[in-house]
Amino acid sequence: MIAAPDRTPLPRDFFDRPVLDVAPDLLGRVLVRTSPDGPIELRLTEVEAYAGEIDPGSHAYRGPTARNSVMFGPPGHAYVYFTYGMWHCLNVVCGPEGTASGVLLRAGEILTGAELARKRRLSARNDKELAKGPARLATALDVDRDLNGTDLCAGGDAPLTLLTGTPVHPDQVNNGPRTGVGGAGAVHPWRFWTPNDPTVSPYRAHTPRRRST
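A brief structural summary.

Reading the values: the criteria
- Residues numbered from 1 in each chain as written.
- Predicted model: local features only at pLDDT ≥ 70, side-chain atom pairs only at ≥ 80, totals over all residues.
- Heavy atoms only, no water.
- Phe/Tyr/Trp six-rings, centres within 6.5 Å; stacked < 30°, edge-to-face > 60°.
- Buried < 20%, exposed > 50% of the residue type's maximum accessible area, 1.4 Å probe, protein only.
- Helix = DSSP H or I, 4+ residues; strand = E, 2+ residues; numbered from the N terminus.
- Contact = heavy atoms within 4.5 Å.
- Patch = residues over 30% accessible without salt bridge, like charges linked within 9 Å, V, L, I, M, F, W, Y side chains within 5 Å.
- Areas by Shrake-Rupley, 256 points an atom, 1.4 Å probe, with all protein chains shown as cover.
- Salt bridge = Lys/Arg side-chain N within 4 Å of Asp/Glu carboxyl O.
- Polar contact = N/O pair within 3.5 Å; in protein donor to acceptor, adjacent residues only side chain to side chain.

Considering the packing of aromatic side chains
Tallied over the entire structure, the rule returns 2 aromatic pairs. Centre to centre, the rings of Phe 14 and Phe 15 are 5.0 Å apart; their planes meet at 80°, and the pair counts as edge-to-face. Their ring planes at 40° and their centres at 5.7 Å tell us that Tyr 79 and Tyr 81 sit as a pair that is tilted. Note on Tyr 79: relative accessible area 2%, which makes it buried.

Remarks on the side chain of Asp 55
As for its placement among the helices and strands, Asp 55 is situated in the loop between β3 (40-50) and β4 (78-83). For Asp 55, a relative accessible area of 0% puts it in the buried group. Not counting residues within four places of it along the chain, the set of residues in contact with Asp 55 comprises Ala 49, Tyr 50, Tyr 61, Arg 178, Gly 185, His 188 and Trp 190.

Quick look at the environment of Glu 53
With respect to the helices and strands, the residue Glu 53 is situated in the loop between β3 and β4. Between the C-alpha atom of Glu 53 and that of Asp 144, which follows or precedes it by 91 residues, the distance is 24 Å. Those residues within four positions of Glu 53 in sequence are excluded, and the remaining contacts are Ala 60, Tyr 61, Gly 63, Pro 64, Phe 72, Gly 98 and Thr 99.

With respect to a nonpolar patch on the surface
A contiguous nonpolar surface patch, about 380 Å² in accessible area, is contributed by Tyr 84, Met 86 and Trp 87. Note that Trp 87 resides in strand β5 (residues 87-94). Exposure remark for Trp 87: the relative accessible area of 39% places this residue in the partly exposed category.

Some thoughts on unusual backbone geometry
Peptide bonds are trans in most cases, and residues, glycine excluded, mostly fall at negative phi. With a phi close to 55°, Tyr 84 is a non-glycine residue in the positive phi region. The topology assignment puts Tyr 84 in the loop between β4 and β5. Given the relative accessible area of 56%, Tyr 84 is considered exposed. For Asn 196, which is not glycine, the phi dihedral falls at a positive 60°. Here Asn 196 shows up in the segment after β9 (191-193). Under the relative-accessibility criterion, Asn 196 is labelled exposed at 81%.

Considering the environment of Arg 106
Structurally, Arg 106 is set in strand β6 (residues 101-112). According to the relative accessible area criterion, Arg 106 is buried, its value standing at 7%. What Arg 106 contacts, discounting residues up to four positions off in sequence, is Glu 46, Val 47, Glu 48, Ala 131, Lys 132, Gly 133, Pro 134, Leu 137, Thr 179, Arg 191 and Ser 201. A distance of 2.9 Å separates the side chain of Arg 106 from the side chain of Glu 46, its partner in a polar contact. Polar side-chain contacts of Arg 106 include one of 3.0 Å to the side chain of Ser 201.

A few points about the pattern of salt bridges
Throughout the structure, instances matching the rule amount to 15 salt bridges. The partner of Arg 178 in a salt bridge is Asp 55, with the nearest N and O atoms 2.7 Å apart. In this pair, Arg 178 sits in the loop between β8 (174-176) and β9 while Asp 55 sits in the loop between β3 and β4, placing the two residues 123 residues apart along the sequence. Taking relative accessible area as the criterion, Arg 178 reaches 2% and is therefore assigned buried. Residues Glu 129 and Arg 125 are paired through a salt bridge, measuring 2.5 Å at the closest nitrogen-oxygen approach.

Don't take any of this as a statement about function, it's just geometry.
Quick look at the structure:
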């Protein structure tokens, strides 16, 4: 008999570790989104690590700004950003306060609340695509900048909570280059995923954006 996932909220010290320890350890954990529309629970299947001011791919590489200030705060909080003028993405702040490292939540399997996620992701061809990619994940869970700074360890009726779930054994975790990251940050194999899981997004190399003439 398979044991049910552990529903205990992850403690603060889980996130107060090096980002490359936290990122793969997030696979199999359960993200709960609580809203007036109803709850959604998602099992994480794909993440990416960003190492703050030592990582050219990180939003915090050039230091604190109004946009990334949450990343320099205490671990275990949500960093939500808006990208390409269209999409939100959800990250988890890691490491000691001031280090600004974080993990992008890239994909997951909707465990409960799929009917609600479907209403927000009308273009999804099936339930495996509901949260297959960071923007899709945020859209399915109705995550926007209003949730920036949310404490993921608070539990209770908090809008976002990370539960212990059923962690994936380290031997069952794959890693490789981060998706869409160019320049010096492209060399880091800091994307982690559960192999052969249909909810994991496809890898895409960085494509430089062309300036209009």
